[in-house]
Amino acid sequence: MEICVNAPSMFPSVFMPRPLDSHKGTFGTLAIIGGSQGMSGAIVLASTAAVYTGCGKVWAGFHQKTLPMPIIAQHPEIMLACAHELLIREDISAWVTGCGLGLDEDAVIVLEKVLSKSMNAPLLLDADALTLLSQRPQLSTLAQQHSHLILTPHPTEAARLLGISTADIQADRHSAVKAIAQKYQATVVLKGHHSLVYAFDNDTLYTNHSGNPGLATAGSGDVLSGVIGALCAQGIDNWQATCAGVWLHGAAADYLASQIGGEIGLLSSELPHAVRYIRNRAIQQRK
Ligand SMILES: NC(=O)C1=CN([C@@H]2O[C@H](COP(=O)(O)OP(=O)(O)OC[C@H]3O[C@@H](n4cnc5c(N)ncnc54)[C@H](O)[C@@H]3O)[C@@H](O)[C@H]2O)[C@@H](O)CC1
Ligand SMILES: Nc1ncnc2c1ncn2[C@@H]1O[C@H](COP(=O)(O)OP(=O)(O)O)[C@@H](O)[C@H]1O
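Every chain is numbered independently, its residues counted from 1 as its sequence is written. Chains carry letters from A onward and ligands carry numbers from 1 onward, assigned in written order. Reporting in this predicted model follows two pLDDT cut-offs: at least 70 for local features of residues, and 80 or more for side-chain atom pairs to be given and counted; totals over whole chains, interfaces and linings ignore these cut-offs and use all residues. Only hydrogens and water are set aside; all other atoms, that is, all heavy atoms of the structure, feed into the side-chain values.

Caption draft 1: A look at the pairing of strand β9 (residues 196–199). Alternating residues of β9 divide into Leu196 and Tyr198 and Val197 and Ala199, and every residue in both groups is buried. The hairpin turn running from strand β8 (residues 187–190) into β9, its antiparallel successor, is five residues long, and Gly192 in that turn takes a positive phi close to 125 degrees. For two strands to be treated as a pair, DSSP must find at least two bridges joining them. Secondary structure elements follow DSSP: runs of H or I of four or more residues count as helices, runs of E of two or more count as strands, with numbering from the N terminus. In the sheet, β9 pairs with strand β10 (residues 202–207) via four bridges, with the strands oriented antiparallel. Within β10, the position partnered with Tyr198 by the bridge is Leu205. Counted along the chain from β9 to the antiparallel partner β10, the turn is two residues long. Remark: exposure states derive from per-residue accessible area (1.4 Å probe, protein chains only) relative to the maximum for the residue type, with buried under 20%, exposed over 50%, and partly exposed in between.

Caption draft 2: Representation of the site of ligand 2. If you check the shell around ligand 2, you find 17 residues, and the closest are Lys191, Gly192, Gly219, Gly221 and Asp222. Between N or O atoms, a polar contact is any pair within 3.5 Å; within protein, one atom must be a potential hydrogen donor and the other a potential acceptor, and residues adjacent in sequence are included only when both atoms are from side chains. Leu215 has a polar backbone atom sitting 3.4 Å from an oxygen atom of ligand 2. Per-residue and other accessible areas were derived by the Shrake-Rupley procedure at a 1.4 Å probe size, with only the shown protein chains allowed to occlude residues. Within the complex, the protein chains bury 78% of what would otherwise be the 580 Å² of accessible surface of ligand 2. A per-element tally of the shell around ligand 2 places helix α9 (residues 220–233) first, with four residues. Of the residues in the shell around ligand 2, the class split is five nonpolar, 10 polar and two charged. The nearness test applies per residue and asks whether one of its heavy atoms lies within 4 Å of the molecule or strand. Each residue is assigned to one of three groups, with Ala, Val, Leu, Ile, Met, Phe, Trp, Tyr, Cys and Pro labelled nonpolar, Asp, Glu, Lys and Arg labelled charged, and all others, Gly among them, labelled polar.

Caption draft 3: Broad picture of the environment of Gly100. Structurally, Gly100 is set in the loop between β5 (94–97) and α3 (105–117). Counting along the chain gives 63 residues from Gly100 to Gln37, while the straight-line C-alpha distance between them is 8.5 Å. With near-sequence residues (within four places) excluded, Gly100 lies in contact with Gly34, Gly35, Ser36, Met39, Ala42 and Asp128. By definition in these notes, contact holds between two residues if any of their heavy atoms fall within 4.5 Å.

Caption draft 4: Main features of the UniProt feature "binding site: AMP" (unreviewed entry) in the protein. The sites that carry the UniProt feature "binding site: AMP" (unreviewed entry) are, in the present numbering, Lys191, Gly192, His193, His194, Ser195 and Gly221. A maximum C-alpha distance of 14.1 Å is found for the annotated residues, which run over 31 residues; spatially they form one tight group. Along the polypeptide, Lys191 turns up in the loop between β8 and β9. Setting aside anything within four residues of it in sequence, one finds Lys191 in contact with Asp126, Thr152, Pro153, His154, Pro155, Arg173, Gly221 and Leu224. Within the element layout of this structure, Gly221 appears in helix α9. If near-sequence neighbours (up to four positions away) are discounted, Gly221 is found in contact with Asp126 and Lys191. UniProt positions are given in the numbering used here, feature names are shortened, and annotations may be inferred rather than shown by experiment.

Caption draft 5: Molecular detail of the site of ligand 1. Taken together, 17 residues form the shell around ligand 1, and within it Gly100, Asp128, His154, Arg160 and Asp222 come nearest. In the environment of ligand 1, an oxygen atom lies 3.1 Å from a nitrogen or oxygen atom belonging to the backbone of Ala42. Interatomic distance of 2.8 Å between a backbone N/O atom of Gly100 and an oxygen atom of ligand 1. Taken by itself ligand 1 offers 870 Å² of open surface, and the protein chains cover 56% of this. For the shell around ligand 1, the secondary structure elements donating two or more residues are α1 (40–52), α6 (155–162) and α7 (166–171). Tallied by class, the residues present in the shell around ligand 1 amount to six nonpolar, seven polar and four charged.

Caption draft 6: Up close: the environment of Thr204. Here Thr204 lies in strand β10. Separated by 26 residues in the primary sequence, Thr204 and Lys178 place their C-alpha atoms 9.9 Å from one another.

Caption draft 7: Quick peek at the packing of α9 against helix α10 (residues 238–260). Running from amino to carboxyl end, α9 crosses α10 at an angle of 140 degrees, the nearest separation of the two axes being 8 Å. Accordingly, the angle class assigned to the pair α9 and α10 is oblique. When the axes of α9 and α10 are compared, the crossing they make is right-handed. Contact residues: α9 offers Ser220, Val223, Leu224, Val227, Ile228, Leu231 and Cys232, while α10 offers Asn238, Ala241, Thr242, Ala244, Gly245, Val246, Leu248 and His249. In terms of residue class, the contact of α9 with α10 is built from 10 nonpolar, five polar and no charged. Inter-axis angles, ranging from 0 to 180 degrees, are taken between N-to-C directions of lines fitted to C-alpha atoms, where helices are fitted over the stretch in contact. Our angle categories are set so that under 35 degrees counts as roughly parallel, over 145 as roughly antiparallel, 65 to 115 as roughly perpendicular, and the remainder as oblique. Whether a crossing is left-handed or right-handed is set by the direction in which the near helix is turned from the far one by less than a right angle, anticlockwise for left-handed and clockwise for right-handed.

Caption draft 8: Seen up close, the packing of aromatic side chains. Here a Phe, Tyr or Trp ring, Trp counted by its six-membered ring, pairs with any other such ring whose centre lies within 6.5 Å, and the pair is stacked when the planes are under 30 degrees apart, edge-to-face when over 60, and tilted otherwise. For the structure shown, the criterion picks out three aromatic pairs. On the basis of an interplanar angle of 85 degrees and a centroid distance of 5.9 Å, the ring pair of Phe15 and Trp247 is categorised as edge-to-face. Residue Phe15 is found in the loop between β1 (2–3) and β2 (29–34), and its partner Trp247 is found in helix α10; the two are separated by 232 residues along the sequence. For Phe15, a relative accessible area of 1% translates into the label buried. Ring centres of Tyr255 and Tyr277 lie 4.7 Å apart, and the angle between their planes is 35 degrees; on these two criteria the pair is classed as tilted. Linking Tyr255 in helix α10 with Tyr277 in helix α11 (residues 271–286), this pair joins segments that are 22 residues apart in sequence.

Caption draft 9: Structural view of the UniProt feature "binding site: (6S)-NADPHX" (unreviewed entry) in the protein. UniProt feature "binding site: (6S)-NADPHX" (unreviewed entry): in the numbering of this structure it lies at Ala42, Gly100, His154 and Asp222. With respect to the secondary-structure elements, Ala42 resides in helix α1. One can find Asp222 in helix α9. Those residues in contact with Asp222 that lie beyond four places of it in its chain are Ala42, Leu45, Ala46, Cys99 and Asp126.

Structure below.
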């Protein structure tokens, strides 16, 4: 079955007003691990997106020996740690890893630890985590055992996961997203114009119609990871969190394009504010 309606009414758990007696513990704790040296921006973007998507607490876990900065000046609400410090915490509701993680042997060790540590919680793998998965059979086996896995490949990462070319992926995107979902027993987003979402345990293909070429800019995928991770941390099931996250991300870009007069020069760091606005507006409109 294929669905392509992009109304928030499809994802009711995401677009509900907050309970009056809610507190920050109600909205989960997200751990984002990545950001090797020179790529710190990737997890800053993902973490910022997560706080603007309403996550209760957000940790940015840098895959570096020491913290690259004492605080994210624009967003002091985000807590910082080195990856190994986050990996021993017991209070994490959902995990995201891969954004700027790197591809070296130390990154392999970090990813292996994240896969093992997060077995009973939602785990989203993006960017370098996907490339490592395609290169290392031991990581692939661990990922296949994970029962709450979300993968968000762009077409080239999808090609690596299936061992075919980017052109092959683009020639039959429907088959590609289904093949990755079956291979990893996961919920998968195949990114790009009209992103597709498919879950191995739900024969429904969601085709997203929000978004525009303004999103073709560095870091927009990192923002998507933070948005979906934040929704998972808030207790929303993987399917709704993933489809709604993809829709929100695109709708935010459409809103920004309308504000800046077009699609050129849209910055990934502008998306999180717009995601917040779109989610709140959709909740108001459903009341
Ligand atoms: N501020 C930062 O620190 C940033 C860090 N980043 C990190 O940089 C690392 C490398 O990631 P990249 O994705 O750049 O490198 P990759 O080598 O994985 O893939 C990039 C290539 O994929 C292809 N591709 C992507 N989307 C496509 C589409 N829709 N159709 C056809 N081809 C498509 C293009 O050829 C593109 O050059 C990752 O760790 C990532 O997280 C990026 O996320 C950008 C921002
Ligand atoms: N032409 C487009 N139309 C709609 N969405 C797009 C377009 N180009 C890119 N996107 C979206 O932007 C994001 C890019 O993610 P990704 O390639 O992982 O970027 P990065 O690695 O720089 O963060 C994805 O969500 C993708 O669907």
